[in-house]
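Chain and residue survey
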Amino acid sequence: MRRKQKNIIVVTLAVLIAILFLLPLVWMIFTSFKTLSESMSSSAILPKVWTLQNYINIFSPTSDAPILLWVFNTAVITIIGTVLVVAIDILAAYSLARLQVPGKKIIIGTIIFALTVPGIVTLFPAFYMFKSFNLLDTFIPLVLPYTASTMGVFLIYNFLISFPKDLEEAAYLDGASQMQILRHVIFPAIKPVAVTLGVITFMGIYNDYLWPSLVINSNEMKTMTLGIATLIQGSNFVNPAGMMAATVVATIPAIVVFLVANKYFVKSVTNSGIK
Amino acid sequence: MHKGTSTKTWAFLMVSPFILCFILFWLAPMLLGVWVSLHNWNLSSGNNGFIGLQNYVDILTPGSLYNEAFMLALKNTLVFVVISVPPLVIIALGLALILDHLPAKLKPVFRTIYFVSYSISVTAVSAIFLWLFNENGGFINNLLVSMGILGKPINWLSEQPYAWVSVLIATVWWTIGFNMMLFINALDEVDPSLYEAADLDGANGFKKFIYITLPQIKHVAFFIIIMTVIASFNLYGQSRLITAGGPEQSTTTLTMSIQNTVFSMNQLGVGSSMAILMGIIMLLVTAAQYFMSYRKKEVN
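What you see is a predicted model; the values in this text were computed from it and never measured.

**A few points about the overall build of chain A**
Within chain A, the secondary structure is distributed over 14 helices and zero strands. In chain A, the succession of α and β elements from N to C terminus is α-α-α-α-α-α-α-α-α-α-α-α-α-α. Expected size for 275 residues packed as a compact globule is a radius of gyration near 19 Å; at 24 Å, chain A overshoots this value by more than 25%. For chain A, the C-alpha atoms occupy an extent of roughly 75 × 70 × 35 Å along the three principal directions.

Okay, here's the thing in structure tokens:
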């Protein structure tokens, strides 16, 4: 009996907090369907008059916010970036954990040192490098710098050194090649960690703001995240309904990816660096 | 082929893409940053000569232009660290405890709801809270005025302390799910037999929390505090977009100040020195926290 009462209290509390957490998102979605004047004056969540005009405006070819292009840019750089980072990190972590890499100790020491250095230290010099090589406003600085992240190598390396070697040794004795071992023994074992790294990397690139704001200038090269920032800072954009329509377009893909990858994401957060 | 190519060659081939990327996009910028910080280096005209530690001296000498900008930004950043870390840690722990006591079927649902905002970009979060808190036409003012709670709208975004409140609420909403997940994991790791023993001794929920849960999760809690301090030190997007660094630069953070120095004042050298100083301060704060907890561990 007492247990049941306690359950009801906890569930009620959880529901109230859930409402608080969802309210900004619900407000965002409903506001995107309000008319401009209603979005400025309304004190209700639901629109009195529903309109698709905000979405028609942002998707119109004459809009100064080329949202479809931003979505396309974001898709290109997040997909290429994530694949690159995961592939590079798996190969590096595997060779460091299992093979005779020359200077292994120095490499691992440097990786750990790099993990402790705050990102701000390399941010502006990296910008200056890309500027000197005339690579600003291209996809190159939007993708390649993420490959220097040491977190992924460290994550997979840590996993591999605590993963038993028996299976690999057996495969070796059976005459399997290095590549066969990697494909049939190592890949299946590290799949959860690799997916985890993929999700973290995807979210990181998708949501990055400061770095893209330094290296991208032209409207056509912007990512969705950067585009939203431009809309916020644009002096004539005093239109909550239009703003929220753009925000919905920027937010829904991230939430969908998040919900699909939720299981792995939960694991990734709980595994990252704690143990 | 598997006998033809030696293991060492494979090892070298596999590790080299990462090493190359690391050198190009981390090591080179890192060294360049240190090098630039020792020069009078303009963003547009480039290197104007070696000046040793002069940039650092300028930033640290009271009264200079750069010193004022850096110190104000440092103060603002520390204010945000102080006001944001306690709620980001304590509320996260509270959420994890609530989830822990929910019936098993409901756990994943609420965990996802509390965590989903973390997947949204900082610019989208800023757009939402900018229009929730906006003085004219913002939803919260509309609501409070129409309910008669406020006589006239509050200037949430350009008056203190409301500006910090707005940035803080947006930050808590955006990032708290991450800390909560770490706490959930820590709570899952606590040995259930400890609670069973406490039950036999007739301990109540509060006592179990103080004497079992807290000591068992203190290492994770410490890790979360450090991560949160670092994240709060890096405050940028929310204050740039929600309050635009104002009012009167009171929400201009270190990152924003360095960016202004590099881009508006054209001083890449001074900006690089500021970035390195900010990095050193962050490392010192982290190290201090680490040693404090380490010493406590020794005493216990």
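Now that the structure has been shown, we can carry on.
**Describing the overall build of chain B**
Assigned secondary structure in chain B consists of 12 helices and two strands. The linear arrangement of helices and strands in chain B, starting from the amino end, is α-β-β-α-α-α-α-α-α-α-α-α-α-α. Its C-alpha atoms give chain B a radius of gyration of 24 Å, more than 25% over the compact-globule value 19 Å for 300 residues. The principal-axis extent of the C-alpha atoms belonging to chain B is close to 80 × 75 × 45 Å. Within the span of chain B, comprising 300 residues, buried residues form 53% of the whole. Intrachain contacts of chain B at a sequence separation of at least 6 include 65% that bridge at least 24 residues. Of the charged side chains in chain B, 14 are positive and 13 negative; the average position of the first set lies 7 Å away from that of the second.

**Some thoughts on the side chain of Thr201(A)**
All names here are of chain A. Following the sequence through the fold, threonine 201 ends up in helix α10 (residues 178-207). Judged by relative accessible area, threonine 201 falls into the buried class, the value being 10%. Here threonine 201 is in contact with Thr82 and Val85, once residues within four sequence places are set aside.

**Some thoughts on the environment of Val249(A)**
Residues and elements named next belong to chain A. Its location among the elements puts valine 249 in helix α13 (residues 240-260). Taking the C-alpha atoms as reference points, valine 249 and valine 71, 178 residues apart in sequence, are found 8.5 Å from one another. Residue contacts for valine 249: discarding those within four places in its chain leaves Tyr55, Ile58, Phe59, Ile67 and Val71.

**Some thoughts on the packing of helix α4 (residues 67-98) of chain A against helix α1 (residues 7-37) of chain B**
At their nearest, the axes of α4(A) and α1(B) sit 8 Å apart, and the two run at 125° to each other. The orientation of α4(A) relative to α1(B) falls into the category oblique. Between α4(A) and α1(B) lies a crossing whose hand is left-handed. Contacts between α4(A) and α1(B) involve Ile88(A), Asp89(A), Leu91(A), Ala92(A), Tyr94(A), Ser95(A) and Leu96(A) on the former and, on the latter, Ala11(B), Met14(B), Val15(B), Pro17(B), Phe18(B) and Cys21(B). Of the residues that constitute the contact of α4(A) with α1(B), the class distribution is 11 nonpolar, one polar and one charged.

**Thoughts on a nonpolar patch on the surface**
All names here are of chain A. A cluster of nonpolar side chains, namely Val15, Leu16, Ile19 and Leu23, defines an oily patch on the protein surface of about 330 Å² accessible area. When you line up the elements, valine 15 lands in helix α1 (residues 2-31). For valine 15, a relative accessible area of 35% gives the class partly exposed.

**Some words on the interface of chain B and chain A**
Tallying the contact residues gives 83 residues for chain B and 96 residues for chain A. Taking both sides of the interface into account, the surface hidden between chain B and chain A amounts to around 7800 Å²; carbon and sulfur atoms contribute 81%. Looking only at chain B, the three residues that lose the most surface to chain A are Met14(B), Phe18(B) and Trp131(B), adding up to 10% of its buried area. Where chain B meets chain A, there are zero salt bridges. Where chain B packs against chain A, one counts 10 residue pairs in polar contact (both at pLDDT 80 or more). With 19 residues, α1(B) is the largest single contributor of residues to the side of chain B that touches chain A. For the side of chain B that touches chain A, the per-class residue count stands at 58 nonpolar, 21 polar and four charged.

**Comments concerning the packing of aromatic side chains**
Residues and elements named next belong to chain B. Inspection of the entire model under this criterion finds 27 aromatic pairs over all chains. Both rings, one in tryptophan 156 and one in tyrosine 162, keep their centres 5.4 Å apart while their planes meet at 75°; by these two values the pair is edge-to-face. By relative accessible area, which is 11% here, tryptophan 156 ends up buried. Residue class for tyrosine 162 comes out partly exposed when judged on its relative accessible area of 28%. Put simply, the rings of Phe129, Phe133, Trp156, Tyr162 and Trp173 touch in pairs and so form one group of aromatic residues.

**Re empty space enclosed by the protein**
Residues and elements named next belong to chain A. Overall, the coordinates contain one cavity of 30 Å³ or more when judged by the stated rule. Approximately 40 Å³ is the volume found for the largest cavity. The wall of the largest cavity is formed by Leu96, Ile108, Ile111, Val153, Phe154 and Tyr157. Mapped by element, the contributors of at least two residues to the lining of the largest cavity are α5 (104-116) and α8 (151-161). At three residues, the largest contribution of residues to the lining of the largest cavity is made by α8. Its residues assigned to classes, the lining of the largest cavity shows six nonpolar, no polar and no charged.

**Details of unusual backbone geometry**
In this structure, the amide linkage connecting Gln160(B) to the following residue, Pro161(B), adopts the cis form with an omega of 5°. Cis geometry marks the peptide bond from Gly246(B) to Pro247(B), where omega comes out at 0°. Checked against the element boundaries, Pro247(B) lands in the loop between α10 (237-243) and α11 (254-263). In this structure, Asn134(A) is a non-glycine residue whose phi angle is positive, near 55°. Considering the arrangement of structural elements, one finds Asn134(A) in the loop between α6 (120-132) and α7 (140-143). Its identity as a non-glycine residue notwithstanding, Gln249(B) has a phi of 60°, on the positive side.

**Quick word on the pairing of strand β1 (residues 39-42) of chain B**
Sheet analysis places β1(B) next to strand β2 (residues 46-50) of chain B, joined by three bridges and oriented antiparallel. For Asn42(B), the partnering residue across the bridge sits in β2(B) and is Gly46(B).

**Here we look at the layout of surface pockets**
Approximately 1000 Å³ is the volume attributed to the second largest pocket. If you trace the second largest pocket, you find 25 residues lining it, with Lys6(A), His101(B), Gly205(B), Phe206(B) and Lys208(B) closest to the centre. Looking at the lining of the second largest pocket, the elements that each hand over two or more residues are α1 of chain A together with α3 (65-101), α7 (162-189), α8 (192-200) and α9 (205-233) of chain B. Of the residues contributing to the lining of the second largest pocket, the split by class is 11 nonpolar, five polar and nine charged.

**Side note on the pattern of salt bridges**
Under the definition given, this model contains two salt bridges over all chains. Between Glu168(A) and Arg98(A) there is a salt bridge, with its nearest N and O atoms 2.7 Å apart. On the criterion of sequence distance, the pair formed by Glu168(A) in helix α9 (residues 166-173) and Arg98(A) in helix α4 is long-range, its members being 70 residues apart. Each member of the pair Glu168(A) and Arg98(A) is classed as buried. Two residues, Asp199(B) and Lys208(B), come together in a salt bridge whose shortest N-O distance is 2.8 Å.

Thresholds applied
Residues numbered from 1 in each chain as written. Chains lettered and ligands numbered in written order. Predicted model: local features only at pLDDT ≥ 70, side-chain atom pairs only at ≥ 80, totals over all residues. Heavy atoms only, no water. Helix = DSSP H or I, 4+ residues; strand = E, 2+ residues; numbered from the N terminus. Rg over C-alpha atoms; globule rule 2.2 N^0.38 Å. Buried < 20%, exposed > 50% of the residue type's maximum accessible area, 1.4 Å probe, protein only. Contact = heavy atoms within 4.5 Å. Lys, Arg positive; Asp, Glu negative; His and termini not counted. Charge placed at Lys NZ, Arg CZ, Asp CG, Glu CD. Axes fitted to C-alpha atoms, helices over the stretch in contact; angles between N-to-C directions. Parallel < 35°, antiparallel > 145°, perpendicular 65-115°, else oblique. Left-handed = near helix turned anticlockwise from the far one by under 90°. Nonpolar A, V, L, I, M, F, W, Y, C, P; charged D, E, K, R; others polar. Patch = residues over 30% accessible without salt bridge, like charges linked within 9 Å, V, L, I, M, F, W, Y side chains within 5 Å. Areas by Shrake-Rupley, 256 points an atom, 1.4 Å probe, with all protein chains shown as cover. Salt bridge = Lys/Arg side-chain N within 4 Å of Asp/Glu carboxyl O. Buried area = accessible area lost by both parts, 1.4 Å probe. Polar contact = N/O pair within 3.5 Å; in protein donor to acceptor, adjacent residues only side chain to side chain. Phe/Tyr/Trp six-rings, centres within 6.5 Å; stacked < 30°, edge-to-face > 60°. 1 Å grid on protein atoms, 1.4 Å probe; cavity = no way out; pocket = protein on both sides within 12 Å on 5 of 7 lines; lining within 4 Å. Points joined across faces, edges and corners; volume = space filled by probe spheres on them. Pairing = 2+ DSSP bridges.

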